[in-house]
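Each chain is listed here by its residues.
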2 protein chains.
Amino acid sequence: MNGISQITEVLAAPTPDAWLQLACERWQELLVDHAYCEKKAASSALAMMFAYPEEESLALALARLAREELRHFEQVNRLMRKLGVPFRRLQPGRYAGQLRAAAAAHEPARRLDLLLIAALIEARSCERFGRLAPLLPAPLGGFYADLQQAESRHFSLYLQFAADACDAREPLRWQQRLEELAKLEAELVCAPDLQFRFHSGPPV
Amino acid sequence: MNGISQITEVLAAPTPDAWLQLACERWQELLVDHAYCEKKAASSALAMMFAYPEEESLALALARLAREELRHFEQVNRLMRKLGVPFRRLQPGRYAGQLRAAAAAHEPARRLDLLLIAALIEARSCERFGRLAPLLPAPLGGFYADLQQAESRHFSLYLQFAADACDAREPLRWQQRLEELAKLEAELVCAPDLQFRFHSGPPV
């Protein structure tokens, strides 16, 4: 089973068509928010490196992942320049904040939740890039197809660390928790949303 | 004038010999703190990307710089593994926190201060790597000689952004502020220090 087929099984609902249609119309705003998302993904990976510094393998994997997110940030910025899309400040959407608010406050449950939430965000990004790629003209469509592959790798990485750390006596715990969080994640991308963002719901 | 000769002019005092001697004795602890410093340097660059998102050139330069710091973090970790240096949690030293506490609270002075403080931290790192390199055996000495070059580039980058943004009516403002902050920086690395860290003062 490759990463991308696994992702469609993990996500509790596909992206609504109404969001895809809006994203094709508002692709400029999508790019501005996308740049923010790449920067935020790097920053979240770094935050985990600071939270769990004694986990050497995790730290090395997250450092590499953060470097890749930063390279994507640079690529999105260069594409914005090329396509004449001006930067503007956007308020963050509801998605990542509400997902992170669902993370347990205490360890070791918090670590598991943060890894699973990061995996779900990567999974949703992968799904959206994959569905947007054939709908958008070059160079955007091809760029998103490339990014789909990267997000799929990041999803697998976060999921692997979540699974590896689960207590051998509770081997199904991470799957159960993933299902719970995937349900919340699907609600956030399916419920009507006043804002338009890379991870928003369909328009009201 | 190359970056490294400029650095010896910018720093208000050289690293005390007593610190260098201690660093050669406690090179294992130095490596552990060094890994933390690289991670922290990436995190500080990202924090500036979030604080000034509308500055496209700064964002791109900082993203590249953060990627380089993360690569160094990975290199330090691999070296620790190779040399059998175990990770341990260290309390951060006084240096970066006290320097950042000196930054102005309001803009545009804060932006200038943050860039100059980042430049000074890179300058001090460059100076210490340069002085440690000939004192330490391989592979550590050669690694530090390589890092000296990178830190010199980062110093120049931060300084250039600080200088570029200064009001044309106050072209000397950044130099004056750099001198003030360099004086504080020198006090922090010259005053006796209870802790031993990459940026600490000499032992009490």
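It should be noted that the structure appears before, not after, this text.
Residues numbered from 1 in each chain as written. Chains lettered and ligands numbered in written order. Predicted model: local features only at pLDDT ≥ 70, side-chain atom pairs only at ≥ 80, totals over all residues. Heavy atoms only, no water.

Student: Now, about the side chain of Asn 77 of chain A: what can you tell me, with residues and values included?
Tutor: Inspection of the secondary structure puts Asn 77 of chain A in helix H4 (residues 56-82). A polar contact of 2.9 Å, which involves the side chain of Asn 77 of chain A, links it to the backbone oxygen of Phe 73 of chain A. The residues contacting Asn 77 of chain A, other than those within four sequence positions of it, are Ala 35 of chain A together with Glu 56 and Leu 60 of chain B. (Helix = DSSP H or I, 4+ residues; strand = E, 2+ residues; numbered from the N terminus. Polar contact = N/O pair within 3.5 Å; in protein donor to acceptor, adjacent residues only side chain to side chain. Contact = heavy atoms within 4.5 Å.)

Student: Can you tell me about the environment of Arg 78 of chain B, naming the residues and giving the values?
Tutor: Residues and elements named next belong to chain B. Relative to the assigned elements, Arg 78 resides in helix H4 (residues 56-82). Look at Arg 78 and you get partly exposed, because its relative accessible area is 42%. When the C-alpha atoms of Arg 78 and Leu 116 are compared, they prove to be 31 Å apart, with 38 residues separating the residues in sequence. (Buried < 20%, exposed > 50% of the residue type's maximum accessible area, 1.4 Å probe, protein only.)

Student: Can you tell me about the interface of chain A and chain B, naming the residues and giving the values?
Tutor: Across the contact, 27 residues belong to chain A and 26 residues belong to chain B. For the pair chain A and chain B, the summed buried surface comes to about 2,600 Å²; carbon and sulfur atoms form 65% of the total. Along the contact surface separating chain A from chain B lie 6 salt bridges. In this structure, the salt-bridge partner of Arg 81 of chain A is Glu 56 of chain B, at a minimum N-O distance of 2.5 Å. Taken together, the connections running from chain A to chain B amount to 10 residue pairs in polar contact (both at pLDDT 80 or more). The greatest single-element share of the side of chain A that touches chain B, amounting to 14 residues, is contributed by H4 of chain A. (Buried area = accessible area lost by both parts, 1.4 Å probe. Salt bridge = Lys/Arg side-chain N within 4 Å of Asp/Glu carboxyl O.)

Student: Before we move on, could you go through the state of the cysteines and cite the residues and values that matter?
Tutor: All names here are of chain A. Throughout the structure, instances matching the rule amount to 0 disulfides over all chains. With no disulfide partner, Cys 190 has as its closest neighbouring cysteine sulfur the one in Cys 126, 17 Å distant. Overall, the relative accessible area of 31% leaves Cys 190 in the partly exposed class. (Disulfide = S-S within 2.5 Å.)

Student: Break down the packing of helix H3 (residues 27-51) of chain B against helix H7 (residues 140-165) of chain B for me, citing the residues and quoting the values.
Tutor: Residues and elements named next belong to chain B. Where H3 contacts H7, the axes come no closer than 14 Å and their chain directions differ by 25 degrees. When the interaxial angle is binned, H3 and H7 end up roughly parallel. Judged by the sense of rotation from one axis to the other, the crossing of H3 with H7 is left-handed. Listed contacts from H7 to Trp 27, Leu 30, Leu 31, His 34, Glu 38, Ala 45 and Met 48 of H3 are Leu 140, Phe 143, Tyr 144, Leu 147, Glu 151 and Tyr 158. Grouping the amino acids of the contact of H3 with H7 by side-chain chemistry returns 10 nonpolar, 1 polar and 2 charged. (Axes fitted to C-alpha atoms, helices over the stretch in contact; angles between N-to-C directions. Parallel < 35°, antiparallel > 145°, perpendicular 65-115°, else oblique. Left-handed = near helix turned anticlockwise from the far one by under 90°. Nonpolar A, V, L, I, M, F, W, Y, C, P; charged D, E, K, R; others polar.)

Student: I'd like a rundown of the environment of Asp 193 of chain B, residues and numbers included.
Tutor: All names here are of chain B. Mapped onto the elements, Asp 193 comes out in the segment after helix H8 (173-190). The spacing of Asp 193 and Val 204 is 11 residues in sequence and 5.6 Å in space, taken between C-alpha atoms. Residues contacting Asp 193, with those up to four places away along its chain left out, are Arg 94, Ser 200, Gly 201, Pro 202, Pro 203 and Val 204.

Student: Please set out the relation of the copies chain A and chain B residue by residue, giving values where relevant.
Tutor: The transformation that overlays chain A on chain B combines an axial shift of 0.0 Å with a rotation of 180 degrees, and the residual RMSD is 0.0 Å. Such a turn and shift between the copies fits a two-fold axis. Minimal C-alpha separation from the rotation axis in chain A is found for Arg 67 of chain A, amounting to 2.5 Å. (Least-squares fit on C-alpha atoms with pLDDT ≥ 70 in both.)

Student: Give a detailed account of the packing of aromatic side chains, specifying residues and quantitative values.
Tutor: On inspection of all chains with the given rule, the structure shows 12 aromatic pairs over all chains. Aromatic side chains Trp 19 of chain A and Phe 196 of chain A sit 6.0 Å apart centroid to centroid with 35 degrees between the ring planes, which places their arrangement in the tilted category. With Trp 19 of chain A in helix H2 (residues 17-25) and Phe 196 of chain A in the segment after helix H8 (173-190), the pair connects residues that are 177 residues apart, well separated along the chain. Here Trp 19 of chain A matches Phe 196 of chain A in class, with each residue buried. One aromatic cluster is present, built from ring pairs that chain together Trp 19, Phe 129, Phe 143, Tyr 144, Phe 196 and Phe 198 of chain A. Over the ring of Phe 50 of chain A we find Lys 39 of chain B, and its NZ or CZ is 4.8 Å from the ring centre. Above the face of the Trp 19 of chain B ring, Arg 128 of chain B is positioned so that its terminal group lies 3.9 Å from the ring centre. (Phe/Tyr/Trp six-rings, centres within 6.5 Å; stacked < 30°, edge-to-face > 60°. Lys NZ or Arg CZ within 6 Å of the ring centre and 35° of its normal.)

Student: Could you give an account of the nonpolar core, with specific residues and numbers?
Tutor: Formed by 136 residues in total, the largest nonpolar core has its most connected members in Leu 132, Tyr 144 and Tyr 158 of chain A together with Leu 132, Tyr 144 and Tyr 158 of chain B. Each residue touching Tyr 144 of chain B, except ones within four places of it in the same chain, is listed here: Leu 30, Leu 31, His 34, Phe 129, Leu 132, Ala 133 and Leu 136 of chain B. (Core = buried A, V, L, I, M, F, W, Y, C linked by side-chain atoms within 4.5 Å.)

Student: Can you tell me about the packing of H4 of chain A against helix H7 (residues 140-164) of chain A, naming the residues and giving the values?
Tutor: Residue and element names in this part refer to chain A. Two elements in contact, H4 and H7, have axes whose closest approach is 11 Å; the angle formed by their N-to-C orientations is 165 degrees. Between H4 and H7, the interaxial angle falls into the category roughly antiparallel. The handedness of the crossing between H4 and H7 is left-handed. Contact residues: H4 offers Ser 57, Leu 58, Ala 61, Leu 62, Leu 65, Glu 68, Glu 69, His 72, Gln 75, Val 76 and Leu 79, while H7 offers Leu 140, Phe 143, Leu 147, Ala 150, Glu 151, Arg 153, His 154, Leu 157, Tyr 158 and Phe 161. Looking at the contact of H4 with H7 residue by residue, the classes come out as 13 nonpolar, 4 polar and 4 charged.

Student: Before we move on, could you go through the environment of Gly 201 of chain B and cite the residues and values that matter?
Tutor: Residues and elements named next belong to chain B. Mapped onto the elements of the fold, Gly 201 is located in the segment after H8. Take Gly 201: its relative accessible area is 0%, and that puts it in the buried class. Residues Gly 201 and Leu 188 lie 13 residues apart in sequence; the distance between their C-alpha atoms is 6.3 Å. With residues up to four places along the chain from it excluded, the contact list for Gly 201 reads Trp 19, Arg 94, Leu 188, Val 189, Ala 191 and Asp 193.

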